[in-house]
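Read off the chains here:
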Amino acid sequence: MTTQQQPSIFEQHAKKTAVGLLLIIIGLLYLVFFPKWFNNSHTEYEDKSLKTILTQYYFSRVIDNNVKRFIKLREHEPNKSKPDRPSRNYVKNIPGHLERRYYAMDIESNGFIAPSAVHEQPDIKVVFLGGSTTECLYMDADKRFPYLVGRLLEKKLGLKVNSYNGGVSANESMHSINILLNKVLPMKPDMVVMMHNINDLVMLRLHGNYHYPNSLKSHLQTAKNVFTHVEYPKGLEAIENEKIAQAFQKNLEMFIAICKIHQTQPVLMTQANRVEDDDLYHRFNQIIRETANKNKIILIDLAKHIPKSLDLIYDHYHYTEIGSNQSAEIIASHLQESIKNTGKS
């Protein structure tokens, strides 16, 4: 007599098993795709895997129990290689041409984009501070203008020049001032070149000042759950243009004063662009010109000298390789004369 085999628990509960498997599949898909959605919606487009998000959360609890609040140095993570590729949607929606491939992003020990410290004992140190228009993310490492400026100056002056790329996507001028105070000044650079406009304008239009809370870009940070950080809050009142302009100018003045106090030569650059219909954006460039002239420092007017061409700027603000090269030529030409006057050449 044969014994009838009992159905398995899964066979006994076929519907529940099917639902369970479906939930597992949905969960796996969630783990794969949720971090990207979360990044784009809530964390200012910073590239974070689920592991990174969870790690930050638990570390934040440790910080909260010990430090409570801290000033964030918004730099690239030192000694890290993180090649990046533009998204299909980004490439599709820009007016110019950008090749969708991986671009090298190697970070040196002091948080600058390599190659920066090419000489152990340089004759001249030039540091560039800014946002993504200085960073030049979607470009080969040897085509980014901060690097090219160093090589051009070496050729023109016969000196060893380190030109450091301190650009970080989404940084505004207060981020650069924090970097200047806490990282750049100890290096004793000969020159610090700062270029900001659009990132300041975006945040000042939202908040009216640089002391905005509850963002991963906030300067005064608390160990809040990363899921509460939203870059663009809704329902804020419109800020007067004059108040916005004054806040921007004060940061430019602060940058200049800090450099002069530490006997470092400050340099301001306007932002080259293809913007047509934003009067306040163009006013920011004019404020840069006026502030540089008022303080009798070097002004490099890229907005004036770089044509509004898709061959040079692939969207509204970011250089192509041709634009980066042309920018480097203009910058090196301006800095060359100043270096000669120091007697180092």
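None of the values given here were measured: they were computed from a predicted structure. (Residues numbered from 1 in each chain as written. Predicted model: local features only at pLDDT ≥ 70, side-chain atom pairs only at ≥ 80, totals over all residues. Heavy atoms only, no water.)

A. Expanded view of helix α8 (residues 198–207). Within α8, eight of the 10 residues are buried, which leaves the element mostly enclosed by the surrounding structure. Where α8 is concerned, the buried positions are Ile 198, Asn 199, Asp 200, Leu 201, Met 203, Leu 204, Leu 206 and His 207. Within two residues after α8, Gly 208 carries a phi angle of roughly 85°, on the positive side. (Buried < 20%, exposed > 50% of the residue type's maximum accessible area, 1.4 Å probe, protein only. Helix = DSSP H or I, 4+ residues; strand = E, 2+ residues; numbered from the N terminus.)

B. The packing of aromatic side chains, seen in detail. For the structure shown, the criterion picks out seven aromatic pairs. Seen from their ring centres, Tyr 90 and Tyr 138 are 6.0 Å apart, and the 50° between their planes marks the pair as tilted. Placement of the pair is Tyr 90 in helix α4 (residues 88–93) and Tyr 138 in the loop between α5 (132–135) and α6 (145–157), with a sequence separation of 48 residues. According to the relative accessible area criterion, Tyr 90 is partly exposed, its value standing at 27%. For Tyr 138, a relative accessible area of 19% corresponds to the buried category. Look at Phe 128 and Phe 145: their rings are 5.8 Å apart centre to centre, the planes differ by 85°, and that puts the pair in the edge-to-face class. Here the residue Phe 128 occupies a position in strand β2 (residues 124–130), and Phe 145 occupies one in helix α6, the gap between them amounting to 17 residues. This pair shows no difference in class: Phe 128 is buried, exactly as Phe 145 is. Through successive ring pairs, a cluster of aromatic residues spans Tyr 90, Tyr 103 and Tyr 138. Seen from the ring of Tyr 147, Arg 151 lies directly overhead, with NZ or CZ sitting 4.9 Å from the centre. Against the face of Phe 112 rests Lys 183, its NZ or CZ located 4.3 Å from the ring centre. (Phe/Tyr/Trp six-rings, centres within 6.5 Å; stacked < 30°, edge-to-face > 60°. Lys NZ or Arg CZ within 6 Å of the ring centre and 35° of its normal.)

C. Examining the pattern of salt bridges more closely. Overall, the coordinates contain nine salt bridges when judged by the stated rule. The partner of Lys 183 in a salt bridge is Glu 75, and the shortest N-O contact between them spans 2.8 Å. Placement of the pair is Lys 183 in helix α7 (residues 173–184) and Glu 75 in the loop between β1 (69–71) and α4, with a sequence separation of 108 residues. The partner of Asp 140 in a salt bridge is Arg 101, and the shortest N-O contact between them spans 3.1 Å. (Salt bridge = Lys/Arg side-chain N within 4 Å of Asp/Glu carboxyl O.)

D. Representation of the confidence of the model for the protein chain within the structure. Per-residue pLDDT for the protein chain averages 87, and the proportion of residues at 70 or more is 81%. Predicted confidence for residues 36–46 stays below pLDDT 50, and this span has 23 contacts to residues more than four positions away or in other chains. (pLDDT = per-residue confidence, 0-100. Contact = heavy atoms within 4.5 Å.)

E. Focus on the packing of α8 against helix α10 (residues 279–294). Here α8 crosses α10 at 125°, and the two axes come no closer than 10 Å. In this view, α8 runs oblique relative to α10, as classed from their interaxial angle. Our pair here, α8 against α10, has a crossing hand that is right-handed. Where α8 abuts α10, its residues Ile 198, Asp 200, Leu 201, Leu 204 and Arg 205 lie against Leu 280, Tyr 281 and Phe 284. Grouping the constituent residues of the contact of α8 with α10 by class yields six nonpolar, no polar and two charged. (Axes fitted to C-alpha atoms, helices over the stretch in contact; angles between N-to-C directions. Parallel < 35°, antiparallel > 145°, perpendicular 65-115°, else oblique. Left-handed = near helix turned anticlockwise from the far one by under 90°. Nonpolar A, V, L, I, M, F, W, Y, C, P; charged D, E, K, R; others polar.)

F. Spotlight on the pairing of strand β4 (residues 191–195). Counting buried positions along β4 yields five of five residues, so the element is predominantly enclosed. The alternating pattern of β4 places Met 191, Val 193 and Met 195 on one face and Val 192 and Met 194 on the opposite face, and all of these are buried. Two strands pair when backbone bridges link them, and β2 and β4 are joined in this way by five bridges, in the parallel orientation. Across the sheet, the residue bridging to Val 127 is Val 192, located in β4. Pairing between β4 and strand β6 (residues 265–269): four bridges, direction parallel. (Pairing = 2+ DSSP bridges.)

G. Spatial organisation of the environment of Arg 74. Among the secondary structure elements, Arg 74 is positioned in the loop between β1 and α4. Between the C-alpha atom of Arg 74 and that of Ser 218, which follows or precedes it by 144 residues, the distance is 9.4 Å. A distance of 2.9 Å separates the side chain of Arg 74 from the backbone oxygen of Ser 169, its partner in a polar contact. (Polar contact = N/O pair within 3.5 Å; in protein donor to acceptor, adjacent residues only side chain to side chain.)

H. The arrangement of the nonpolar core in detail. With 36 residues, the main nonpolar core has Leu 129, Leu 180, Val 184, Phe 248, Phe 255, Leu 268 and Phe 284 as its most contacted residues. Secondary structure elements with two or more residues in this core: β2, α7, β4, α8, α9 (241–261) and α10. Ranked by residues supplied to this core, first place goes to α9 with nine residues. In contact with Leu 129, not counting residues within four places along its chain, are Thr 134, Gly 166, Ser 176, Ile 179, Leu 180, Val 184, Val 192, Val 193, Met 194 and Met 195. (Core = buried A, V, L, I, M, F, W, Y, C linked by side-chain atoms within 4.5 Å.)

I. Examining the sheet that holds strand β3 (residues 161–167) more closely. Taken in spatial order, the five strands of this open sheet run β3-β2-β4-β6-β7, and their pairing is parallel. One side of each edge strand has no neighbouring strand; the edge strands of this open sheet are β3 and β7 (298–300). Averaged over all pairs of adjacent strands, the angle between their axes in this sheet comes to 20°, without regard to strand direction. Here α10 sits on the sheet and contacts β6 and β7; the angle it forms with β7, its principal contact strand, is near 160°. Lying on the sheet, helix α12 (residues 321–342) is in contact with β2, β4, β6 and β7; it crosses β7 at an angle near 165°.

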